[in-house]
Amino acid sequence: MKKWNSGFTLIEIMMSIVLLAIGAALALPSYREMVEKRQLTNGAEQIMAFVNSTQMEAMKQNRVVTVSYSRTADNNWCFGATLGATACDCNETTSTETDFCAINSAPSVIGNANTGNLDLLKSITGDGAYSFDPIRGIFLPNTDNSIDSLIAELSSPSQTYKLSLTVSNTGQTILCSKDSSHKVPGYSVCPVVSS
């Protein structure tokens, strides 16, 4: 009696490999898009959480909290916070310096490294610092009142998805899709501001 070995033929194995390759080729672009959206929203939400926490800190301590920000390139940006009306330098790394960003001796800085070194922050409009009122948590513009809000533009690495983070003069922080052609699912399109 002959005994048959059960197994796969060469044709069956090749067909399985071809089907797996086709499935992977179809799934890869949507996976990349999903990863890019998640990286962008994660980075934007971290910055928004930082801004919101500084606003809460002002009201909790009943003191003005000043947020400083700097951007010289997509991969070189930061936000920092300190108690009082004097701005700190979010690029300062020496904790003994007077312009080091800290609240109650704890460093208070977020930058490109905190958001995965993904170069997400494309632009910031404003004068480099603003403060939160300790009573109502409203946005206090700089001394010459040249700005009344902060707008930070963030973009995915491929520029397919874009978010806008705005701190209004009422202290409200809004995170929305920059426009309909770069819409991020789950975020409404930013309202058009008329001049």
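Above: the structure in question.
As the structure is a computational prediction, the values presented were derived from the model and not from experiment.

S.K.: I tried to follow the overall build of the protein on my own but got confused; where do I start?
M.R.: Summing up its helical and strand segments, the protein has one helix and eleven strands in all. Its helices and strands in sequence order give the protein the pattern α-β-β-β-β-β-β-β-β-β-β-β, from N to C terminus. Against the globule reference of 16 Å for 195 residues, the protein gives a C-alpha radius of gyration of 24 Å, more extended than a compact globule. Dimensions of the protein, computed from C-alpha atoms along their principal axes, come out at roughly 95 × 45 × 30 Å. In the protein, which comprises 195 residues, the share counted as buried stands at 38%. Expressed as a percentage of contacts within the protein between residues at least 6 apart in sequence, the contacts between residues at least 24 apart total 51%. Taken as a whole, the protein presents about 11,600 Å² of accessible surface, with 57% of it coming from carbon and sulfur. One way to put it: in the protein the 13 positive side-chain charges average out to a point 14 Å from where the 17 negative ones average out.

S.K.: What exactly am I supposed to notice about the state of the cysteines here?
M.R.: By definition, a disulfide is the covalent link that joins the sulfur atoms of two cysteine residues. Under the counting rule described, the total for this entry stands at three disulfides. In this model, Cys88 is linked to Cys101 through a disulfide, with the two sulfur atoms separated by 2.0 Å. Its S-S torsion of approximately 95 degrees makes the covalent link between Cys88 and Cys101 right-handed. Here the residue Cys88 occupies a position in the loop between β2 (76-83) and β3 (102-103), and Cys101 occupies one in the loop between β2 and β3, the gap between them amounting to 13 residues. Like Cys88, the residue Cys101 is buried in the burial classification. Regarding the disulfides, the protein carries the connectivity 1-3, 2-4, 5-6 under sequence-order numbering of its bonded cysteines.

S.K.: Before we go on, may I ask you to explain the packing of aromatic side chains in this structure?
M.R.: Taken as a whole and assessed by the stated rule, the structure comprises four aromatic pairs. With 6.2 Å between their ring centres and 75 degrees between their planes, Trp77 and Phe79 make a pair best called edge-to-face. Comparing Trp77 with Phe79, the two get one shared label, buried. Seen from their ring centres, Tyr130 and Phe132 are 5.4 Å apart, and the 90 degrees between their planes marks the pair as edge-to-face. You can call Tyr130 buried: its relative accessible area is 1%. Through successive ring pairs, a cluster of aromatic residues spans Tyr69, Trp77, Phe79, Tyr130 and Phe132.

S.K.: Mind showing me how you'd approach the sheet that holds β2 here?
M.R.: Strand pairing within a sheet occurs via backbone hydrogen bonds; the two strands may be parallel or antiparallel. As summarised here, the arrangement of the five strands in space is β5-β2-β1-β7-β8, forming an open sheet in which the pairing is antiparallel. If you trace the sheet from one side to the other, it starts and ends with β5 (109-111) and β8 (139-140), each paired once. With two bridges connecting them, strand β7 (residues 129-132) and β8 associate as antiparallel partners. The partner of Ser131 across the bridge, within β8, is Leu140. Sheet strands touched by helix α1 (residues 10-61): β1 (65-73), β2, β5 and β7. Its angle to β2, the strand with the most contacts, is close to 10 degrees.

S.K.: Explain unusual backbone geometry to me, please; I cannot follow it from the model alone.
M.R.: At Ser105, a residue that is not glycine, the phi angle is positive and equals roughly 70 degrees. For Ser105, the location among the structural elements is in the loop between β3 and β4 (106-107). For Ser105, a relative accessible area of 74% puts it in the exposed group. Its identity is not glycine, yet Asp119 carries a phi of approximately 55 degrees, on the positive side. One can find Asp119 in the loop between β5 and β6 (121-125). Here Asp119 falls in the partly exposed class, since its relative accessible area comes to 28%.

What counts and what doesn't
- Residues numbered from 1 in each chain as written.
- Predicted model: local features only at pLDDT ≥ 70, side-chain atom pairs only at ≥ 80, totals over all residues.
- Heavy atoms only, no water.
- Helix = DSSP H or I, 4+ residues; strand = E, 2+ residues; numbered from the N terminus.
- Rg over C-alpha atoms; globule rule 2.2 N^0.38 Å.
- Buried < 20%, exposed > 50% of the residue type's maximum accessible area, 1.4 Å probe, protein only.
- Contact = heavy atoms within 4.5 Å.
- Areas by Shrake-Rupley, 256 points an atom, 1.4 Å probe, with all protein chains shown as cover.
- Lys, Arg positive; Asp, Glu negative; His and termini not counted.
- Charge placed at Lys NZ, Arg CZ, Asp CG, Glu CD.
- Disulfide = S-S within 2.5 Å.
- Phe/Tyr/Trp six-rings, centres within 6.5 Å; stacked < 30°, edge-to-face > 60°.
- Pairing = 2+ DSSP bridges.
- Axes fitted to C-alpha atoms, helices over the stretch in contact; angles between N-to-C directions.

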